[in-house]
Amino acid sequence: MKLSTEQIEVIRLIIDQSDIDIQTLKDDLLDHLCCVVEDKMASLGEAKNFEVALNEALNELAPAGLNRIHRETIYLLNSTKIVFMKKVMYSIGLITAISMSIGWTFRILDWAGGSELLTYGFLGFVLLFIPMVAINYFKVNLRGALSEKLKIILGVSSGIIVGLAIVFKFMHLPGADQMLLGGTLLFSFGFLPFLFFGLYKNAVS
């Protein structure tokens, strides 16, 4: 049973409304869905209409949605690069966390090098690891809600500013108090309202 031009356009519209932006993938999905829908409609004749057949085909092909196929395709196309970047990111996180923990222990024991390990480990964590985590989040959620993106931007920015203020305090550099106050205000009146408004929306929805 052949689909009409209008029915094919309905399927095309569903694909176009997803996050998929790779034209070859769109064409492959359109061909596949059209074939499956035709088979389903032909198997039971008029008893199974187009909408029912299309919903069944979509559920079989992408039970988690077409956007999931898009993300998995992007991951497969860039898997080597993505895996390498994740290794670098988590290696930096591990090294800076170890540096901070050992530095803190050395300072408690009044051993040499404790302040340097703690300071540089904290700087690496704040200036390298946290931004890399934020960038990775934006790549995965490129078309996420604007409020969610603003929440992450404000949270990361306030975390970096407060982190730098703490380092400035360690090193007795000027401007630490002003940075700490600015970072705290940004966290309190920027990040926290977005966070709790999101939690409220999830609770009442």
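Structure: above.
Residues numbered from 1 in each chain as written. Predicted model: local features only at pLDDT ≥ 70, side-chain atom pairs only at ≥ 80, totals over all residues. Heavy atoms only, no water.

Moving on: the side chain of Lys151. Tracing the sequence through the fold places Lys151 in helix α7 (residues 146–170). We classify Lys151 as buried; its relative accessible area is 14%. (Helix = DSSP H or I, 4+ residues; strand = E, 2+ residues; numbered from the N terminus. Buried < 20%, exposed > 50% of the residue type's maximum accessible area, 1.4 Å probe, protein only.)

Another aspect to go through is the packing of aromatic side chains. Evaluated as defined, the whole model comprises 3 aromatic pairs. For the ring pair Phe125 and Phe129, a centre distance of 5.2 Å and an interplane angle of 35° mean the geometry is tilted. Of this pair, Phe125 and Phe129 both sit in helix α6 (residues 114–140), 4 residues apart, which is roughly one turn of that helix. Taking relative accessible area as the criterion, Phe125 reaches 24% and is therefore assigned partly exposed. Taking the relative accessible area as the measure of exposure, Phe129 reaches 15% and is therefore buried. (Phe/Tyr/Trp six-rings, centres within 6.5 Å; stacked < 30°, edge-to-face > 60°.)

What the rule picks out here adds up to 6 salt bridges. Measuring nitrogen to oxygen at the nearest pair gives 3.4 Å for the salt bridge that ties Asp16 to Lys26. Of this pair, Asp16 sits in helix α1 (residues 5–16) while Lys26 sits in helix α2 (residues 23–43), and the two are 10 residues apart along the sequence. The exposure class of Asp16 is partly exposed, given its relative accessible area of 40%. A residue is classified by how much of its surface remains accessible, and Lys26, at 16% relative accessible area, is buried. For Lys151, the salt bridge identified is with Glu148, shortest N-O distance 3.1 Å. Of this pair, Lys151 and Glu148 are both found in helix α7, 3 residues apart, which corresponds to roughly one turn of the helix. What you see here is one network of salt bridges that share partners, running through Lys40, Glu56 and Glu60. (Salt bridge = Lys/Arg side-chain N within 4 Å of Asp/Glu carboxyl O.)

Contact pair α1 / α2: the axes reach a minimum separation of 10 Å and the direction vectors enclose 135°. With respect to each other, α1 and α2 are oriented oblique. Relative to α2, α1 is oriented so that their crossing is right-handed. Contacts between α1 and α2 involve Gln7, Ile8, Ile11, Arg12, Ile15 and Asp16 on the former and, on the latter, Lys26, Leu29, Leu30, Leu33, Cys34, Val37 and Met41. Among the residues forming the contact of α1 with α2, the class breakdown is 9 nonpolar, 1 polar and 3 charged. (Axes fitted to C-alpha atoms, helices over the stretch in contact; angles between N-to-C directions. Parallel < 35°, antiparallel > 145°, perpendicular 65-115°, else oblique. Left-handed = near helix turned anticlockwise from the far one by under 90°. Contact = heavy atoms within 4.5 Å. Nonpolar A, V, L, I, M, F, W, Y, C, P; charged D, E, K, R; others polar.)

Before going further, it helps to spend a moment on the side chain of Thr119. Position of Thr119 relative to the elements: it lies in helix α6. Among the residues examined, Thr119 registers a relative accessible area of 8% and is labelled buried.

None of this, on its own, says anything about what the molecule does.
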